[in-house]
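# Observations on the three-dimensional arrangement
Here are the chains, one letter per residue:
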Amino acid sequence: MTENKHPTFTAVILDMDGVVTKTATLHAQAWKEMFDEFMENRQGKDFQPLVIDRDYKQYIDGIPRFEGVRRFLKSRNIAISDGQIDDSPTEETVYGLGNRKNELFRSILEKKGVHVYEDTLEMLKKWKKAKLKLAIISSSRNCRHIIESAGLTELFDARVDGETLEKENLNGKPDPDIFLKASEVLGVDAKNAIIIEDAIAGVEAGKKGRFGLVVGVARHGESKELKDAGADIVVEKLTELRV
């Protein structure tokens, strides 16, 4: 059991995918399906498929969607036009591929539904009862839809997501903008807030924002990677925390 001895913490800011909801694996599935099809069409049967444990975590996880497209393509030395944000999912542009991934994700989500991590739900209820302020963040523009589908909306005092990033022209992770915006909406200083993240880029963003405590959630054995990224504490389940 990890005990937190800093009574000045008044808020908890949680990433959604992989921390609150079991949607990170759905995102990874959609990314792989989209990129593998794109690269096979472009390079033939000898194409190198996207490896989730390596490529997804290094170039895509926690990053805004279209930037994720750019980073992965750059890692494979593939250059395509950005295109326009409303490009059809059939267009082989950065925006087209990003929109195709989102279309695939929505389809997978519709089939499998939204599932919430029980350890997170337990802690959210405890923190709510303790009158800690709670915010949910996500680089995804699907955030509102997902938390509404999961029945979680009333638990959070603030939501900052991909729509917010676009509307307010904020930088995505690993820059700390999304977390700083959440703390601003909650009305708390960064030093009094806890960041909870499962992505390397998210942990890096929390450290850059000088938040009071950055917790890494290693649900699939990523303890070393999260520690190396700067996490103050790494847990497998949030119920290991006492705040």
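Everything that follows concerns the structure shown earlier in this document.
So, a few notes on the structure that sits alongside this text. (Residues numbered from 1 in each chain as written. Predicted model: local features only at pLDDT ≥ 70, side-chain atom pairs only at ≥ 80, totals over all residues. Heavy atoms only, no water.)

### Overview of helix α8 (residues 177-186)
- Looking at α8, one finds that the buried residues are Ile178, Phe179, Lys181, Ala182, Ser183 and Leu186.
- Packed against the buried residues of α8 are β2 (11-15), β3 (133-137), β4 (158-160), α7 (162-167), β5 (193-197) and α9 (200-208).
- Of the residues one or two after α8, Gly187 is the one with positive phi, at around 80°. (Buried < 20%, exposed > 50% of the residue type's maximum accessible area, 1.4 Å probe, protein only. Helix = DSSP H or I, 4+ residues; strand = E, 2+ residues; numbered from the N terminus. Contact = heavy atoms within 4.5 Å.)

### Examining the side chain of Asn102
- Within the element layout of this structure, Asn102 appears in helix α4 (residues 94-112).
- Once residues lying within four places of it in the same chain are set aside, the contact partners of Asn102 are Arg65 and Asn142.

### Details of the layout of surface pockets
- Looking at the largest pocket, its volume works out to about 530 Å³.
- Ile63, Pro64, Arg65, Phe66 and Ser139 are, among the 33 residues lining the largest pocket, the residues nearest its centre.
- Of all the elements in the fold, those that place two or more residues in the lining of the largest pocket are α1 (24-43), α2 (52-60), α3 (65-75), α4 and α7.
- In terms of residues, the lining of the largest pocket owes the most to one element, α3, which gives four residues.
- Grouping the constituent residues of the lining of the largest pocket by class yields eleven nonpolar, eleven polar and eleven charged.
- Within this model, the second largest pocket holds a volume of roughly 330 Å³. (1 Å grid on protein atoms, 1.4 Å probe; cavity = no way out; pocket = protein on both sides within 12 Å on 5 of 7 lines; lining within 4 Å. Points joined across faces, edges and corners; volume = space filled by probe spheres on them. Nonpolar A, V, L, I, M, F, W, Y, C, P; charged D, E, K, R; others polar.)

### What to know about unusual backbone geometry
- Geometrically, the link from Lys173 to Pro174 is a cis peptide bond, its omega value of 15° lying close to zero.
- Structurally, Pro174 is set in the loop between α7 and α8.
- The phi angle at Lys131 is positive, at roughly 65°, despite the residue not being glycine.
- In this structure, Lys131 sits in the loop between α5 (118-129) and β3.
- Residues other than glycine seldom take positive phi values, yet Asn169 does so here, at roughly 55°.
- Relative accessible area serves as the criterion here: at 69%, Asn169 is assigned to the exposed category.

### Brief notes about the nonpolar core
- Of all hydrophobic cores here, the largest spans 54 residues; its most connected members are Leu14, Phe35, Trp127, Ile196 and Leu238.
- Take this core: its biggest share by element is eight residues, from α1.
- With 23 residues, the next largest nonpolar core counts Ile195, Ala205, Val214 and Ala231 among its residues. (Core = buried A, V, L, I, M, F, W, Y, C linked by side-chain atoms within 4.5 Å.)

### Some thoughts on the sheet that holds β2
- The strand order β4-β3-β2-β5-β6-β7 describes an open sheet built from six strands, whose pairing is parallel. Strands at the two margins of the open sheet, each flanked by one partner only, are β4 and β7 (233-235). Going from strand to strand, the sheet's axes swing by 20° on average, the running direction of each strand aside.
- As paired elements, β5 and strand β6 (residues 213-217) share four bridges and run parallel to each other. Pairing of Ile194 across the sheet is with Leu213, part of β6.
- Packed onto the sheet, α8 meets β2, β3, β4 and β5 and runs at close to 145° relative to β3.
- Together, β5 and β6 form the strand contacts of α9, whose direction differs from that of β6 by roughly 175°. (Pairing = 2+ DSSP bridges. Axes fitted to C-alpha atoms, helices over the stretch in contact; angles between N-to-C directions.)

Nothing here speaks to function; it is all geometry.
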